[in-house]
Amino acid sequence: MEMTTGFISKGRGSPSPRRPPLDEEAAVGGGVVDSDYEGEKVEVGDDPFHFSSTKNVPIDRLRRWRQAALVLNASRRFRYTLDLKREEEKTITLRKIRAHAQAIRAAHLFQAAGAQSNGTVKPSVPNGDFGIGQEQLVLITKDHNISALEEYDGVHGLADLLMTNLEDGIWGDDSDIQRRRNLFGSNTYPQREGRSFWMFLWDAWQDLTLIILIIAAVASLALGIKTEGIKEGWYDGGSITFAVILVIVVTAVSDYRQSLQFQSLNEEKRNIHMEVVRDGRRMKLSIYDIVVGDVVPLNIGDQVPADGVLISGHSLAIDESSMTGESKIVHKDAKAPFLLSGCKVADGSGTMLVTGVGVNTEWGMLMASISVDNGEETPLQVRLNGVATFIGIVGLAVGVSVLFVLLARYFTGHSKNVDGSQQFKAGVTGVGTAVNRVIKIFTIAVTIVVVAVPEGLPLAVTLTLAYSMRKMMADKALVRRLSACETMGSATTICSDKTGTLTLNEMTVVEACVGEMRTDSTSSSSQLPAGVVSLLIEGIAYNTNGSVFTPEGGGEAAVSGSPTEKAILIWGLKQLGMNFKAIRSEFAIAHVVPFNSEKKRGGVAIKLPDSEFRVHWKGAAEIVLASCTQYMDVNDQVSAMDEDKVKYFRKSIEDMAGCCLRCVAIAYKTCKMEDIPTNDEQGKWALPEDDLILLAIVGLKDPCRRGVKDSVELCKRAGVKVRMVTGDNIQTARAIALECGILTSDAEAIEPYLIEGRVFRSLPDMQREEIAERISVMGRSSPNDKLLLVQALKRRGHVVGVTGDGTNDAPALHEADIGLAMGIQGTEVAKESSDIIILDDNFASVVKVIRWGRSVYANIQKFIQFQLTVNVAALVINVVAAVSSGDVPLNTVQLLWVNLIMDTLGALALATEPPTDHLMHRPPVGRREPLITNIMWRNLLVQAFYQVSVLLVLNFSGRKLLGLEKDPIDHANKVKNTLIFNAFVLCQIFNEFNSRKPDELNVFEGVTNNHLFMGIVGSTLVLQVVIIEFLGKFTSTVRLDWHKWLISIVIAFISWPLAVVGKLIPVPSTPISEMFSRSHCHRRPP
């Protein structure tokens, strides 16, 4: 059946569902926005179980597949999927809270305006050692009350009341932090407690078939006690009850453990780290450690960590959609200084004074009022529900058939007792006896349904994902979306950044070109012209978002900022003799243009004492050079940039880039006062970018990471093409790509394998798709070029993984099948748009994620093969025996034990196999690849056929083969059935080893390293011995002598060599489902 095996993916050229990264649902941790989903344009017919992607799927479609699934216990089956009812309630709650907050704010503003007109302002109420109380702070910030802020003498007066230095921050010792927390609260909000173990136990009880079995067991217990007395009559009903309770408890324990793993991972996702200024030093802290009075620097892509007031800002723009629900960018300045927790910095930079934290902010109220649902569907989970539904329908049909056959045989007198007499005689058999027998027949049929419906199959996905996510944390990968784990196993290409991912992100200036002079890292400022050095120091100190902290008692300066900023600052400190604090105090900053990844440069304007402004620019060397018409020579003279000098500087850039150096140019321009806008217009001032004077070109070395070449080679062997997409110079990109092994020779370092972003974006759509297939390196690319590349590759049928760290990378991260944000250099906007966060920014960790993705898929396939083997064998044995003899060799309690082995214990053993190198020696798992492969069908049928054949032979000829013909018939049948049960369970235990390696001959490789697998197999074996030898009354078995145990072990052992022989049988490469569909098409009449 195609539903159970095929993957349906998006058709080529179909648009990918897009969703703005900063919508209201993203702000609270997930959700589905129907209007943003464009739909999957594929021929999926009416099959509800076909999902190529579960990103942004409409709620109606999610509801549809759940309604189509055959489910025995909905509360358990859908526990880790999106709670549709709660999601709808959450949207309504969000609207109410936002409307309520805005109404309160409007009322307060109205009151404030009235108070102002009357000349009255609410006085400040001191709070402990501080000159202002929490209530006043909350009112000022939440109500955006600018007049009240002015009454406190603006942000400077507020800082004095909060005992904060706006330059150096708070003192920040333990007692100061604790005092602020006690008086103003901590930056946390109440969260709903996790589900207790008892709730999981209650969920496990909700299984319809188990409820039916309990009712039947109680009826059997009552009738047994009535007919046989309490001493003997309670065994049948009591044993079924005990078996059901055991299944429920083990299921609940397994589910509870999974929930604890998800809770710890969700806590990790929420724990954002930000820079805070304390005691004059910038330090990274958890967002939970921020307190009222903290000074927090804000840069593009950051999340505003608390409510606050702007201290200073340059082109600062805030996306407040998470609070207002409207995608509107709000510019912040002295006239609009209030910042709300939970919003994102869309552009510019600034610093803020924290005035409200935790539940004293609107964001805290919002998060405390709603329950964030972290559940989500994954494509594999949905497909497995389709498989489980199909198998369940078959099992249900078999169970009903067995019920009718056994009832018909019983009431027609064809069912015989051990002595050959009829079990039922009309008018003779008592009502109690007949009812008791009917209950036993009914429990057998229901138990067949319990075994047949693989309720644990979809849950195995959750189990292996929870295990993989926990292990991936140790491998420096934090999974934000469950589906990304399995999608990564299908990745065919990775578009990787260069800086920090393929390289160490440890920049150092190793070469500089100042005028016509080339210097290296050992040169000092005395060798350079004094005027050039002075201007360079000025440009480096002012045109940076980094900082330098020099301890009062002396010692080495601590430099903070991006790796590029830090490298240039250190060069200024060590080679040029810069005094950062002194130079920064000389002039006032008039305007700042933060570094822009599109223009690849950033600038600053400073006001000079002589009514002039000096504009400093810094950015990509060839781009800044193109804006320069003059340069400073070695004599401190400004000289014209003639054609020869342009060639000289370009040659310098090429030489540096050829040595794997990142090239940065520093230039300036002086402006007259009349060229400068008025104070009111300075915030919108576009700094002059032309006619610049070149000061220097510096080359920064960023070494390749150790082992990155091996990681790239491993990806190639695994069928995953690695493409470098970088904003660096094309020659730098080429040199690094050759060093990393992305380009293997100079012959590959030509177009289209090596291409510039501007060339790629200028191509027509069709040509861009063709070129995208061949690109290995893209240099001087913008974030939009990366997005175009991702879209082109997806249209070519690729499953694309993309790394990114900047805010502008968010669209590409969101568009990609797997967005991989950098944990160290990545902005919060990039992280929220991603599926997985690479915590150490290392490409080797990306490769580990691919291994884990393939492992998820492989583990699920192992479990499917194991479970279907048990299903087929158990069903066939009981059906054939029931139809032919009117009795079944495997009774209710025995089948429940098999179900426990198969569902919960089997999933634990096989779904938690660690990844192996073998996974990286085969191509990616295709989206259309069947879930049950031909290899799995072969293994499954070989083992099931063997088990069914041997056990049916024992069922029909067991007494003769085992030499029991002279024994009493009742005892002989019990021995025979016990042997069948024992051999059947041991076959499953031995077959678990076979399932570990479906396509390898050596199934024992690495088995001792998987302690959980060995523990479960050992525990199952010990429990089986206990059941046979000591619990015969409950399971209707008898003790077996060592001969019978040896026979059971031999029968089970044969499954190992049989698996080896089976794996030598060739299988067609075309999937079975495809072969059936083709033959069906051929037979279809014209």
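What comes next is a walk through the structure.

Conventions and cut-offs
- Residues numbered from 1 in each chain as written.
- Predicted model: local features only at pLDDT ≥ 70, side-chain atom pairs only at ≥ 80, totals over all residues.
- Heavy atoms only, no water.
- Helix = DSSP H or I, 4+ residues; strand = E, 2+ residues; numbered from the N terminus.
- Buried < 20%, exposed > 50% of the residue type's maximum accessible area, 1.4 Å probe, protein only.
- Contact = heavy atoms within 4.5 Å.
- Areas by Shrake-Rupley, 256 points an atom, 1.4 Å probe, with all protein chains shown as cover.
- Salt bridge = Lys/Arg side-chain N within 4 Å of Asp/Glu carboxyl O.
- Pairing = 2+ DSSP bridges.
- Axes fitted to C-alpha atoms, helices over the stretch in contact; angles between N-to-C directions.
- Core = buried A, V, L, I, M, F, W, Y, C linked by side-chain atoms within 4.5 Å.
- Parallel < 35°, antiparallel > 145°, perpendicular 65-115°, else oblique.
- Left-handed = near helix turned anticlockwise from the far one by under 90°.
- Nonpolar A, V, L, I, M, F, W, Y, C, P; charged D, E, K, R; others polar.
- Disulfide = S-S within 2.5 Å.
- Expected span 1.5 Å × (residues − 1).
- Arc of directions from axis to C-beta.
- Polar contact = N/O pair within 3.5 Å; in protein donor to acceptor, adjacent residues only side chain to side chain.

**Section: the overall build of the protein**
1) Next: Along the protein, the regular secondary structure elements total 40 helices and 26 strands.
2) Next: Relative to its 1086 residues, the protein shows a buried fraction of 58%.
3) Next: The contacts of the protein with a sequence gap of at least 6 include a subset with a gap of at least 24, amounting to 73%.
4) Next: Surface exposure of the protein reaches about 44,600 Å², of which carbon and sulfur atoms provide 57%.

**Thoughts on the pattern of salt bridges**
1) Next: Evaluation of the coordinates by the stated rule reveals 33 salt bridges.
2) Next: Linking Glu516 and Lys645 is a salt bridge whose minimum nitrogen-to-oxygen distance equals 2.4 Å. Here Glu516, found in the loop between strand E10 (508-514) and strand E11 (517-520), pairs with Lys645, found in helix H24 (residues 643-658); they are 129 residues apart in sequence, far enough to count as distant.
3) Next: Residue Lys645 is classed as buried on the basis of its relative accessible area, which comes to 18%.
4) Next: Salt bridges sharing partners connect three or more residues here, namely Asp176, Arg179 and Arg180.

**Focus: the sheet that holds strand E22 (residues 754-756)**
1) Next: The eight strands are arranged E8-E26-E25-E24-E9-E21-E23-E22 in an open sheet whose pairing can be described as mixed. Among the strands making up the open sheet, the edge pair consists of strand E8 (477-479) and E22. Between one strand axis and the next, the sheet turns by 20° as a mean value, whatever way the strands run.
2) Next: Relative to strand E23 (residues 777-779), E22 runs parallel, the two sharing three bridges. What sits directly across from Leu754, in E23, is Val777.

**A word on unusual backbone geometry**
Note on backbone geometry: most residues besides glycine have negative phi, and most peptide bonds are trans.
1) Next: A cis amide bond, omega 5°, links Glu751 with the succeeding residue Pro752.
2) Next: Here Pro752 lies in the loop between helix H26 (730-740) and E22.
3) Next: For Met163, which is not a glycine, the phi torsion comes out positive at approximately 55°.
4) Next: Tracing the backbone shows Met163 in the loop between helix H8 (154-161) and helix H9 (174-184).
5) Next: Of the residues examined, Met163 reaches a relative accessible area of 43% and is grouped as partly exposed.
6) Next: Here the phi dihedral of Cys660 falls at roughly 65°; this positive angle occurs in a residue that is not glycine.

**Looking at the nonpolar core**
1) Next: Membership of the largest hydrophobic core comes to 151 residues, with the highest contact counts inside it found for Ile742, Ile836, Phe843 and Phe984.
2) Next: The element best represented in this core is helix H32 (residues 843-885), accounting for 19 residues.
3) Next: Contact partners of Ile742, with chain neighbours within four places excluded, come to Leu502, Val712, Lys716, Val722, Met724, Ala737, Glu748, Ser776 and Val777.
4) Next: Met274, Leu310, Phe338 and Leu339 belong to the second largest nonpolar core, which has 40 residues in total.

**Quick word on the pairing of strand E20 (residues 692-701)**
1) Next: Counting buried residues in E20 gives nine out of 10 residues, a clear majority hidden from the surface.
2) Next: With five bridges joining them, E10 and E20 adopt antiparallel strand pairing. Counterpart to Cys513 in the pairing with E20 is Ile697.
3) Next: Two elements, strand E17 (residues 628-632) and E20, share three bridges in a ladder whose sense is parallel. Bridge pairing links Cys628 to Leu692 in E20.
4) Next: Alignment of strand E19 (residues 661-672) against E20, held across eight bridges, turns out to be antiparallel. Looking at E20, one finds that Leu661 is bridged to Lys701.

**Side note on the packing of helix H25 (residues 708-717) against H32**
1) Next: Where H25 meets H32, the closest approach of the two axes is 9 Å, and the angle between their N-to-C directions is 30°. Classed by the angle they form, the pair H25 and H32 counts as roughly parallel. Of the two possible hands of crossing, H25 and H32 adopt the one that is left-handed. Contacts from Val708, Ser711, Val712, Leu714 and Cys715 in H25 reach Phe843, Ala844, Val847 and Ile850 in H32.
2) Next: Taken together, the residues of the contact of H25 with H32 break down into eight nonpolar, one polar and no charged.

**Focus on the side chain of Gln861**
1) Next: Looking at where Gln861 falls in the secondary structure, it is placed in helix H32.
2) Next: Those residues in contact with Gln861 that sit more than four places away from it in its chain are Pro930, Leu931, Thr933 and Met936.

**Some points on the state of the cysteines**
1) Next: Evaluated as defined, the whole model comprises zero disulfides.
2) Next: The structure places no disulfide on Cys740, whose sulfur is separated from the nearest cysteine sulfur, that of Cys704, by 3.4 Å.
3) Next: Overall, the relative accessible area of 0% leaves Cys740 in the buried class.

**Section: H24**
1) Next: Over its 16 residues, H24 runs 22 Å from end to end, which matches the ideal 22 Å to within 8%, given 1.5 Å per residue.
2) Next: Buried within H24 we find Lys645, Phe649, Ser652, Ile653, Met656 and Ala657. Seen along its axis, H24 keeps its buried residues to an arc of 130°; they face one direction. Opposite the packed face of H24, turned more than 90 degrees from it, sit the exposed residues Glu643, Asp644, Lys647 and Arg650.
3) Next: The opening residue of H24 is Asp642, an N-cap whose side-chain oxygen sits 3.3 Å from the backbone nitrogen of Asp644.
4) Next: Directly after H24, the chain includes Cys660, whose backbone phi takes a positive value near 65°.

**Quick look at the pairing of E11**
1) Next: In the sheet, E10 pairs with E11 via four bridges, with the strands oriented antiparallel. In the strand pairing of E11, Val514 is matched with Met517.
2) Next: The turn joining E10 and E11, which pair antiparallel and follow one another in sequence, is formed by two residues; a positive phi near 65° is taken by Gly515.

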